[in-house]
Amino acid sequence: MDRIKITGGAKLEGVIPISGAKNAALPLMIASLLTDETLTLENVPRLADVRQLFHILENHGVDHAVQGKRNGMDDLAGQTVSLTARAIVDTRAPYDLVSKMRASFWVIGPLLARMHEADVSLPGGCAIGTRPVDFFLEGLRALGADIEIERGYCLARAKGGLVGNRISFPRVSVGATHVMMMAATLAKGETVIENAAREPEIVDVAECLIAMGAKIEGHGSSTIYIQGVPRLHGARHRVAPDRIEAGTYAMATAMAGGDVTLDGATPQHLEHPIELLRQAGAEIDITNRGIRVRRNGHGIHAVDADTAPYPGFPTDLQAQFMALMTAGKGTSHITETIFENRFMHVQELARLGAKITLDGQKATVEGVERLQGAEVMATDLRASVSLVIAGLAAEGDTEVSRIYHLDRGFEHLEQKLSRCGAQIERISD
Ligand code: UD1
C-alpha cells in the first residue's frame, strides 16, 4: 500500500493551482441523471471519489467521456467530462457501490424525480460518525414519495411523479439540500426548502441546474425556491474551485512558512478561515490570481475555532487547523459541532509530539516548540491531510500510511507541494 514520506523543515514558495471542488463535482455529476441530454463539466478533479462515481453512474446507464490532453495544458489541470444519461436502465444503486462513497446515496433524488422510482442502498456508517439519512427520507416523503426500508435498501416510489411542497430541515445538511433541490427541479409545482445549506457547492449545483433549464431562486440563502419544470436539458458548466483544498494549502503554508499563491482560489468562500489564519499570524493578500499566503516572522499564535455550517468555519478544515495549532504559542480550543467523531487525527498528531486533550466535542491544543517526525496513519480524508501539514513542519521524517483516504479528495497533492519546495514523496511497496 502506498505511503507518503515527508522530510520536515522546508519552506513553501511558489504557486499552487487550486482544483475543482470535489464536493461540487460529485453532486454535479449526479445531476446528469436528471436529463437525457449531455451535461459537460469542466474542471472536474482527478480523484478516486470521482472515478468511483463514474462506476455508480455507469450502472444506471450513464455514458461518460473524458476529454484527452490538449496543447499547452498544465499537467495539474482538471478534466472535462461529458455525461449522458440517455436512458436510465437500472434504478437500483447496490450496496457494493454505495458503501464505498456516502455521496452516491444522493442519486436517490434525481432517480426518483425522473424515473419515479429508486432502490438505493443505505450508505452505512463511516469513520467520522453515524451520518443518518433521515432528512433525505423526510424531504422526499414530503414531495410525495413512498419510501420503505427493506434489507438495507431504501425502496422509493413516486407514482405519477413528485409534487412540490414546503420542507424545513431540523438542522443544516449539505447532502439533503442537494438531493431536495435536484428532486424538486422535476416535481410538479413549487418546492420551498427552509434551513437549506448555504455552502458555495450548493450555489454551484443550483447554477448548473439553472443552466439545464431548472427554475431556482434563493440558493446561497437559507430558503431556496424551486418551480418544477417538465424536463431539463443538457448544459456546460465549470466546477467551482475547491475552497477546502485552498484552505488546506493556506494552513500548510502558515505551518511550514514561506510564500505561496493559491492560484484560482475564491477568497469570498474562505472568509472565516482567512480571518482565523490572520489572527494566527499568517499574512494573507487577495490578488487577481487568488490568495497569497505568507507567514510573518512572529510564529503561530493560538486561536480558537468552532466548526459550523457555511459561512462558519468548515468542519472539513478542522483537522488541518488543529495541525497548525499544534505549533501555536499558547493554548487553543477547537470545537467540532457537525460530526460526533471527527477527532481521529488527534491520536496520530500526538504521535508527532502534539499536546492535545479531548473533552467530548472540544479539543484543547497546547502548542509545542517543534513536532517530531514519526510513522502515522491516515484515518479519513481531511484527517490524513492534517498529518501531511504537521509533517511539513516536524523535525525529521514523517511517513503517512493508508493514503487512499488522501487520494479520495486531494488531486496531485505531492506534486503540488513538491513544486513549492516541500520534501515529499509517494512510496509504493
Ligand atoms: C457534506 C460534505 C462533507 C462535509 C459536510 C459538512 C460532500 C460530498 N460532503 O457531507 O465533506 O464535511 O457536508 O459540511 O459534499 N444529518 C442527519 N440526518 C440526515 C443528514 C445529515 O442527522 O439525513 C446530520 C449529519 O449526521 C451531520 C450533519 O447533519 O451531523 C451535517 O451533515 P451533512 O451536511 O448532511 O453532511 P454531508 O452532506 O454528508
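Note that the structure is predicted; figures quoted are calculated from it, not measured.

Points about the sheet that holds strand β8 (residues 146-150)
Spatially, β6-β7-β9-β8 is the arrangement adopted by the 4 strands of the open sheet, whose pairing is mixed. Every other strand in the sheet has two partners, leaving β6 (92-93) and β8 as the edge strands with one partner each. This element, helix α4 (residues 108-115), spans β7 (117-121) and β9 (153-157) of the sheet and lies at about 160 degrees to β7.

Description of the domain arrangement of the chain
For the chain, the domain assignment lists domain 1 (3-15 + 242-427) and domain 2 (24-238). Summed over both sides, the interface between domain 1 and domain 2 buries roughly 1,900 Å², with carbon and sulfur atoms accounting for 54% of that surface. Applying the counting rule to domain 1 against domain 2 returns 3 salt bridges. Across the salt bridge formed by Arg243 and Glu201, the nearest N and O atoms sit 2.9 Å from each other. Viewed at the interface, domain 2 and domain 1 are joined by 6 residue pairs in polar contact (both at pLDDT 80 or more). For the side of domain 1 that touches domain 2, the elements supplying multiple residues, two or more each, are α13 (404-409) and α14 (413-418). Residue contributions to the side of domain 1 that touches domain 2 peak at 3 residues, all from α13.

A closer look at the packing of aromatic side chains
Taken as a whole and assessed by the stated rule, the structure comprises 3 aromatic pairs. Ring geometry for Phe135 versus Phe169: centroids 6.2 Å apart, planes at 35 degrees, classification tilted. Of this pair, Phe135 sits in helix α5 (residues 134-142) while Phe169 sits in the loop between β10 (166-168) and α6 (174-185), placing them 34 residues apart in sequence. Phe169 shares its class with Phe135; the two are buried. Here the aromatic rings of Phe313 and Phe321 are separated by 5.4 Å at their centres, their planes lie at 65 degrees, and the arrangement is edge-to-face. Each member of the pair, Phe313 as well as Phe321, carries the same accessibility label: buried. Above the plane of the ring of Tyr153 lies Arg92, whose end atom (NZ or CZ) is 4.0 Å from the centre.

So, the site of the ligand
Taken together, the neighbourhood of the ligand is formed by 19 residues, with Asp134, Ser173, Val174, Asp316 and Ile338 sitting nearest. Asp134 places a polar side-chain atom, nitrogen or oxygen, 2.6 Å from a nitrogen atom of the ligand. Note that an oxygen atom of the ligand is positioned 2.6 Å from one of the side-chain N or O atoms of Asp316. Burial of the ligand by the protein amounts to 90% of the accessible area it has alone, namely 750 Å². Where the shell around the ligand is concerned, the elements lending two or more residues are α5 and α6. Here the shell around the ligand gets 3 residues from one element, more than from any other, and that element is α5. Here the shell around the ligand is composed, by residue class, of 9 nonpolar, 4 polar and 6 charged. Composition of the shell around the ligand by domain shows at least three residues from each of domain 1 (3-15 + 242-427) and domain 2 (24-238).

Regarding the packing of helix α8 (residues 243-256) against helix α10 (residues 318-325)
α10 packs onto α8 with a crossing angle of 5 degrees between their chain directions and a minimal axis gap of 9 Å. Between α8 and α10, the angle is such that the two are roughly parallel. Facing Ile244, Thr248, Met251, Ala254 and Met255 of α8, the residues of α10 in contact are Gln320, Phe321, Ala323 and Leu324. The class makeup of the residues in the contact of α8 with α10 is 7 nonpolar, 2 polar and no charged.

Observations regarding the layout of surface pockets
Computed from the structure, the second largest pocket encloses a volume of approximately 400 Å³. Lining the second largest pocket are 19 residues, with Met255, Arg295, Glu369, Arg370 and Ala393 sitting closest to its centre. Among the elements of the structure, α8 and α12 (381-393) are those that each provide at least two residues to the lining of the second largest pocket. Considered class by class, the residues forming the lining of the second largest pocket number 9 nonpolar, 5 polar and 5 charged.

Topic: the sheet that holds strand β14 (residues 235-238)
Here we have 4 strands laid out as an open sheet, ordered β4-β5-β3-β14, and mixed in their pairing. At either margin of the open sheet sits one strand with a lone partner, and together these are β4 (63-66) and β14. Adjacent strand axes in the sheet meet at a mean angle of 20 degrees when their direction is disregarded. Taken together, the 4 bridges between β4 and strand β5 (residues 79-84) define a ladder with antiparallel strand orientation. Looking at β5, one finds that Val66 is bridged to Val81. Helix α1 (residues 22-31) rests against β3 (38-44), β5 and β14 of the sheet, and its axis sits at about 170 degrees to β3. Of the strands in this sheet, β3, β4 and β5 are in contact with helix α2 (residues 48-60), which crosses β5 at around 15 degrees.

Criteria and cut-off values
- Position labels on residues start from 1 in each chain and follow its written sequence.
- Note on the predicted model: pLDDT of at least 70 is required for a residue's local features to be given, and 80 or more for side-chain atom pairs to be given and counted; whole-chain, interface and lining totals, by contrast, use all residues.
- Working from all heavy atoms in the structure, the side-chain values ignore hydrogens and water.
- Strands qualify as paired when DSSP identifies two bridges or more between them.
- A run of H or I in DSSP becomes a helix once it reaches four residues, and a run of E becomes a strand once it reaches two; helices and strands are each numbered from the N terminus.
- Note on contacts: a residue pair is in contact if any heavy atoms of the two residues lie within 4.5 Å.
- Axis definition: a line fitted to C-alpha atoms, limited for helices to the stretch in contact. Angles are taken between N-to-C directions and run from 0 to 180 degrees.
- An automatic or database domain assignment provides the domain bounds reported here.
- Buried area adds together the accessible area that both of two parts lose upon being put together, with accessible area traced by a 1.4 Å probe.
- Definition used for salt bridges: Asp or Glu carboxyl oxygen within 4 Å of a side-chain nitrogen of Lys or Arg.
- Each polar contact in these results corresponds to two N or O atoms within 3.5 Å; when the atoms are within protein, one needs to be able to donate a hydrogen and the other to accept it, and residues that are neighboring in sequence are counted only if both atoms are side-chain atoms.
- Between the rings of Phe, Tyr and Trp (Trp by its six-membered ring), a pair exists once the centres lie within 6.5 Å; its type follows the angle of the planes, with under 30 degrees stacked, over 60 edge-to-face, and the other angles tilted.
- Only protein chains enter the area calculation, which uses a 1.4 Å probe; residues under 20% of their type maximum are buried, those over 50% are exposed, and those in between are partly exposed.
- The criterion for a charge sitting over a ring is simple: Lys NZ or Arg CZ within 6 Å of the ring centre, and within 35 degrees of the ring normal.
- The rule for a residue being near a molecule or strand is that one of its heavy atoms must lie within 4 Å of it.
- Every accessible area reported is derived by Shrake-Rupley at a probe size of 1.4 Å, with residue values counting cover from the shown protein chains alone.
- Classes in brief: Ala, Val, Leu, Ile, Met, Phe, Trp, Tyr, Cys and Pro nonpolar; Asp, Glu, Lys and Arg charged; the others, Gly included, polar.
- Under this scheme an angle from 65 to 115 degrees is roughly perpendicular, one under 35 degrees roughly parallel, and one over 145 degrees roughly antiparallel; angles in between are oblique.
- As defined here, a cavity is a set of points on a 1 Å grid over the protein atoms alone where a 1.4 Å probe fits but cannot get out. A pocket is an open set with protein on both sides within 12 Å along at least five of seven lines, and residues line them when an atom is within 4 Å of a point.
- Grid points are joined across faces, edges and corners, and a volume is the space filled by probe spheres set on the points.

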